[in-house]
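Take a look at the letters that make up each chain.
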Amino acid sequence: MDVVCDLEVDVNGESRFFVDKRILSSFSGKLCQLFQKSSVPVASICTRPLKIILHDFPGGSEAFELLARFCYNKGKIHMIPSNVCLLHWAANFMEMKEEVHSNNLIEQTERSLRGVAYWNWAENLVALKQCQELIPAATSSGILQKIIDSMLLKITSNSESSPSNSSPESSVRLSCDTKSSELSKNSGRVWWFEDLYLFNSKIIGKMVITMVNHKFDHVILSRFLFGYLKSQLASSTPTEKLEATETVVNLLSLLEKSSVSSKGLFAILRMTSGLATDKSCRDKLVAMIGSRLDQASLDNLLLPAPTGMGSLYDVNLVLRFLKSFLGGDEVSPAELMKVGFLMDKYIAEVAPDSCLKPSKFSALVRALPDSARESYDEIYRALDMYLQAHSGLSEEEKMKVCSVLNHEKLSLEVCKHIAQNSRIPSRAAIQAVVCQQSKLKTLLESSDNQHRPTTSSPPALKTKEFKAPDKDAGNQIVLFAEKLDLSTENEKLKARLQGMQWKVMELEKMCRKMQTDMSKIMKSKVGSHGSARLPRLCS
């Protein structure tokens, strides 16, 4: 049979092939329909070849050359994992169906692809690389999913070392109790990680979602995703970095909370700070970090503020973390206290920043409920540093900042310091002293109740009960202070506060003395009379 080159084929504008029109059209339904519609005169065909242009031909010139070899070899070609995918996509594009030729290419490639599970690891990698370049065709044809399933089968059946060959008869189960799960506890590296680092984020996304659906160990998947993103950020283009970041964040959000480390999430936040990630990706990352805020450290939170914000640290971002922490799953008291302790350290760190606004300082303190702190002593120390760094604040602004303190949770030592601190507004200092007096009164009353005999005491043994200054007196002090012109009466008020401080010290001494005296009386009563019944004394 004579072979002529009467057809010029332009493939995607990349390459040109001169082929026999009759041979190719005998296998291709697409070419048959094209030539049937064509009305080119015979004379022109004899002078120059007919030309067709194939746009979006899958696999490009490499795939078309394989297809042409198949046609010229009377419907025969040696199919291997490295070419069967290209042949299958090209056959579908050229409509090489059974209706056109009994020895059609579509049927042959489909038969070959049924053995994907028998391919070894290297062959799967080659085929997956081809799928990466033609994801729409690979997805619609189902080949991509077949290759992914084949690779996952080998991952679970060869968890300790890279496989050379494997078969589906290994009958492994893709679940969290496989060898891959055991490996996550004993090894920091997994053999298949670096092989998959070479693929783009779309392939990785499809593969990891399949792993999640098959209940792969989430600890391994989390470690893989962190490593994958790190490798992509080190060597990819800006667009690829952005796509990889968004893919990894979305995939991490699918994993169990305990399998994703807070440290890793903060690393992503720092590494991708310069990328223009979309809002949904950013929100997911913030939500994941917030839900694990009890695992964070002070260094994690000290994130530099964006350009133009003014302050040294990104306080707004930390406030978003706190909102996510409180708004997510139910928080245990231990977790709440841990975050409260962390925030006290963070507030103390950012307080000296001269650009930190009073409203932001107050928001940081009030972001957590009162139950997150057993004591407000550390908040007071941070407040003192803040006032020292912001000496230009007005008296009203200082009062608003001081209002974050819970005086009931301040120690007596801190209350004394407040009364003597010139940076604290006078009204705030008086409130602290009054609260201190109230605490002393409560202490005296509780001490008196503890040492008072439970049995009826005779009148001669009753001691005169000490009466601490009542709360009305404290209220009168506050009312009186509000009438003062604080700008002119500042020195007088300081003197009054010092006088009150001496009274507080005297109250403490009297309280201790009274406790000692009552203890002696009780001991003498018990020592003199062994019986529980007390003797009746003469008046």
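Relevant structure appears above.
1. Some thoughts on empty space enclosed by the protein
Then step 1. For the coordinates displayed, the defined rule picks out 2 cavities of 30 Å³ or more.
Then step 2. Estimated volume of the largest cavity: approximately 40 Å³.
Then step 3. Considering the residues around the largest cavity, the lining is formed by Cys 402, Leu 405, His 407, Ile 418, Ile 424 and Ala 428.
Then step 4. Computed from the structure, the second largest cavity encloses a volume of approximately 30 Å³.
Then step 5. Around the second largest cavity sit Thr 245, Val 249, Ile 268, Thr 272, Thr 277, Cys 281, Arg 282 and Leu 285, which together line it.
Then step 6. Of all elements in the fold, only helix 14 (238-252) and helix 16 (279-291) reach the threshold of two or more residues within the lining of the second largest cavity.

2. Topic: the packing of aromatic side chains
Then step 1. For the structure shown, the criterion picks out 14 aromatic pairs.
Then step 2. Measuring from ring centre to ring centre gives 5.5 Å for Phe 27 and Phe 70, while their planes differ by 65 degrees; the resulting arrangement is edge-to-face. Of the two residues, Phe 27 sits in the loop between helix 1 (21-25) and helix 2 (29-37) while Phe 70 sits in helix 4 (residues 60-72), which places them 43 residues apart along the sequence. The exposure classification of Phe 27 matches that of Phe 70, with both residues buried.
Then step 3. Ring pairing ties together the aromatic residues Trp 192, Phe 193, Tyr 197, Phe 224 and Tyr 228, which thus form one cluster.

3. Notes on the packing of helix 13 (residues 218-235) against helix 15 (residues 262-271)
If you want to describe how two helices pack, look at the angle between their axes and the distance between the axes.
Then step 1. Here helix 13 crosses helix 15 at 15 degrees, and the two axes come no closer than 11 Å. By the angle between their directions, the pair helix 13 and helix 15 is classed as roughly parallel. Where helix 13 crosses over helix 15, the handedness of that crossing is left-handed. Between helix 13 and helix 15, the residues in contact are Phe 226, Leu 229 and Leu 233 and Gly 264, Leu 265, Ile 268 and Met 271, respectively.
Then step 2. Of the residues in the contact of helix 13 with helix 15, the class split is 6 nonpolar, 1 polar and no charged.

4. Let's talk about the sheet that holds strand 2 (residues 15-19)
Then step 1. Reading across the sheet, the 3 strands line up as 2-1-3 and stay open at both edges, with mixed pairing between neighbours. Edge positions in the sheet fall to strand 2 and strand 3 (50-54), since each of these pairs with one other strand and no more. Shown here is a sheet whose adjacent strand axes are inclined to one another by a mean of 20 degrees, direction ignored.
Then step 2. Relative to strand 2, strand 1 (residues 7-11) is paired through 5 bridges, and the arrangement is antiparallel. Note on strand 2: the bridge partner recorded for Glu 8 is Phe 18.

5. Things to note about the side chain of Ser 222
Then step 1. On the secondary structure map, Ser 222 appears in helix 13.
Then step 2. Judged by relative accessible area, which is 2%, Ser 222 ranks as buried.
Then step 3. Polar side-chain contacts of Ser 222 include one of 3.1 Å to the backbone oxygen of Ser 259.

6. A word on the pattern of salt bridges
Then step 1. The final tally for this structure, using the stated rule, is 10 salt bridges.
Then step 2. One salt bridge connects Glu 8 with Arg 16, and the closest N-O pair in it is separated by 3.1 Å.
Then step 3. Accessibility expressed as a relative area gives 9% for Glu 8, which makes it buried.
Then step 4. Judged by its relative accessible area of 56%, Arg 16 falls in the exposed class.
Then step 5. Two residues, Lys 279 and Asp 283, come together in a salt bridge whose shortest N-O distance is 2.8 Å. One end of the pair, Lys 279, and the other, Asp 283, are both in helix 16, 4 residues apart, so they sit about a helical turn from each other.
Then step 6. One network of salt bridges, in which partners are shared, links Glu 8, Arg 16 and Lys 51.

Criteria and cut-off values
Just so you know, the residues in each chain are numbered from 1, in the order the chain's sequence is written. Only residues with pLDDT of at least 70 get local features here, since the model is predicted, and only at 80 or more are side-chain atom pairs given and counted; chain-wide, interface and lining totals rely on the full set of residues. The side-chain values count all of the structure's non-hydrogen atoms but skip hydrogen atoms and water molecules. Lining residues are defined by having an atom within 4 Å of a point belonging to a cavity or pocket. Those points lie on a 1 Å grid over the protein atoms alone, cavities being sets where a 1.4 Å probe fits but cannot get out and pockets being open sets with protein on both sides within 12 Å along at least five of seven lines. Grid points are joined across faces, edges and corners, and a volume is the space filled by probe spheres set on the points. The numbering of helices and of strands both runs from the N terminus, where a helix is a DSSP run of H or I of at least 4 residues and a strand a run of E of at least 2. A pair of Phe, Tyr and Trp rings is counted when the ring centres sit within 6.5 Å of each other, with Trp represented by its six-membered ring. The angle between the planes then sorts it: under 30 degrees is stacked, over 60 is edge-to-face, the rest tilted. Buried means the residue's accessible area, taken with a 1.4 Å probe over protein chains only, is under 20% of the maximum for its type, while exposed means over 50%, and partly exposed covers the values in between. Interaxial angles span 0 to 180 degrees and are taken between N-to-C directions of axes, which are lines fitted to C-alpha atoms, for helices over the stretch in contact. Note on angle classes: values under 35 degrees are labelled roughly parallel, values over 145 roughly antiparallel, values of 65 to 115 roughly perpendicular, and the remainder oblique. A clockwise turn of the near helix away from the far one marks a right-handed crossing, whereas an anticlockwise turn of less than a right angle marks a left-handed crossing. Contacts: residue pairs with any heavy atoms within 4.5 Å of one another. Residue polarity follows a fixed list, in which Ala, Val, Leu, Ile, Met, Phe, Trp, Tyr, Cys and Pro are nonpolar, Asp, Glu, Lys and Arg are charged, and the others, Gly among them, are polar. At least two DSSP bridges between two strands are needed for those strands to be called paired. Polar contact is defined as a pair of N or O atoms within 3.5 Å, subject to the rule that within protein one atom must be able to donate a hydrogen and the other to accept it, and that residues adjacent in sequence are counted only when both atoms are side-chain atoms. For this analysis, a salt bridge means a side-chain nitrogen from Lys or Arg found within 4 Å of a carboxyl oxygen belonging to Asp or Glu.

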